[in-house]
Amino acid sequence: MKKNVFFLFALVMLSGILFSPACTKNETTGTLTIYVSDFYTGLPIINEQVYLATSYVNMQQGIYVATGWTDYNGMAFFGSISPATYWYDTQDWQDWGAIKTFAGVDQYVFLYVNTQAKKAVK
């Protein structure tokens, strides 16, 4: 009887090792979704261009690594971005933010724009 219990225990452990998924996925990029909404009303900002830059200076100078548009939910999606610190800004508002991204991680950011005046055209 003891031999059967030991054999069954060993069989269950071995089958768990054989049939469990392996952790061999090697992610090198992540994703970033930026949700842009109006601070005062809480409504999403639709059809707004969103910029990603690798530094604050680059953002101020208009040197961007990626651009995107917000959808009807106010979300701009950036897929397959390398792990780094990114500064994000919108086309028509003076509010901005920054986030550090990681490989294999889907991240979400909320940008509440509250500046009533539009940016001056350069």
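Everything that follows concerns the structure shown earlier in this document.
First, a word on scope: everything that follows refers to the structure included in this document. Bear in mind the structure is a predicted one, so any value in this text is a computation, not a measurement.

What counts as what
Residues numbered from 1 in each chain as written. Predicted model: local features only at pLDDT ≥ 70, side-chain atom pairs only at ≥ 80, totals over all residues. Heavy atoms only, no water. Helix = DSSP H or I, 4+ residues; strand = E, 2+ residues; numbered from the N terminus. Buried < 20%, exposed > 50% of the residue type's maximum accessible area, 1.4 Å probe, protein only. Patch = residues over 30% accessible without salt bridge, like charges linked within 9 Å, V, L, I, M, F, W, Y side chains within 5 Å. Areas by Shrake-Rupley, 256 points an atom, 1.4 Å probe, with all protein chains shown as cover. Salt bridge = Lys/Arg side-chain N within 4 Å of Asp/Glu carboxyl O. Pairing = 2+ DSSP bridges. Axes fitted to C-alpha atoms, helices over the stretch in contact; angles between N-to-C directions. Contact = heavy atoms within 4.5 Å. Core = buried A, V, L, I, M, F, W, Y, C linked by side-chain atoms within 4.5 Å.

**Some thoughts on the side chain of Thr90**
1) Next: Examined against the element boundaries, Thr90 turns out to sit in strand 5 (residues 85-90).
2) Next: Taking the relative accessible area as the measure of exposure, Thr90 reaches 0% and is therefore buried.

**Description of unusual backbone geometry**
1) Next: One non-glycine residue, Asn47, lies in the positive phi region at around 60°.
2) Next: With respect to the secondary-structure elements, Asn47 resides in the loop between strand 1 (30-38) and strand 2 (49-53).
3) Next: Non-glycine residue Ser80 carries a positive phi angle of around 55°.
4) Next: Note that Ser80 resides in strand 4 (residues 75-81).

**So, a nonpolar patch on the surface**
1) Next: On the surface, Phe39, Tyr40, Phe110 and Tyr112 cluster together into a nonpolar patch covering about 500 Å² of accessible area.
2) Next: Looking at where Phe110 falls in the secondary structure, it is placed in strand 7 (residues 106-113).
3) Next: The exposure class of Phe110 is exposed, given its relative accessible area of 52%.

**Details of the sheet that holds strand 1**
1) Next: Spatially, three strands are ordered 4-1-7 in an open sheet, and the strand pairing comes out mixed. The open sheet is flanked by strand 4 and strand 7, the only strands paired with a single partner. Strand-to-strand twist of the sheet, defined as the mean angle between neighbouring strand axes without regard to direction, takes the value 20°.
2) Next: The pairing of strand 1 with strand 4 spans five bridges and is antiparallel. Bridging from a neighbouring strand, Gly30 pairs with Ile81 of strand 4.

**Concerning the side chain of Thr33**
1) Next: Position of Thr33 relative to the elements: it lies in strand 1.
2) Next: Once residues lying within four places of it in the same chain are set aside, the contact partners of Thr33 are Met75, Ala76, Phe77, Gln107, Tyr108 and Val109.

**A short note on the nonpolar core**
1) Next: Counting 16 residues, the largest nonpolar core has Leu32, Ile34, Val36, Leu52, Phe78 and Tyr88 as its most contacted members.
2) Next: Broken down by secondary-structure element, the contributors of at least two residues to this core are strand 1, strand 2, strand 4, strand 5 and strand 7.
3) Next: The residues touching Val36, leaving out its near neighbours within four places in the chain, are Pro44, Ile45, Val50, Thr70, Gly74, Thr90, Leu111 and Val113.

**What to know about the sheet that holds strand 6 (residues 96-100)**
1) Next: One open sheet holds the four strands; their spatial order is 3-2-5-6, and the pairing between them is antiparallel. Strand pairing shows two members of the sheet lacking a second neighbour, strand 3 (66-69) and strand 6, which therefore form its edges. Taken pair by pair, the neighbouring strands of this sheet meet at an average axis angle of 25°, ignoring direction.
2) Next: Bridging between strand 2 and strand 3 involves four bridges; their strand directions are antiparallel. Paired with Val50 across the two strands is Gly68, which belongs to strand 3.

**Section: the pairing of strand 2**
1) Next: Extensive coverage of strand 2 is indicated by the burial of five of its five residues.
2) Next: The alternating pattern of strand 2 places Gln49, Tyr51 and Ala53 and Val50 and Leu52 on opposite faces, both of which are buried.

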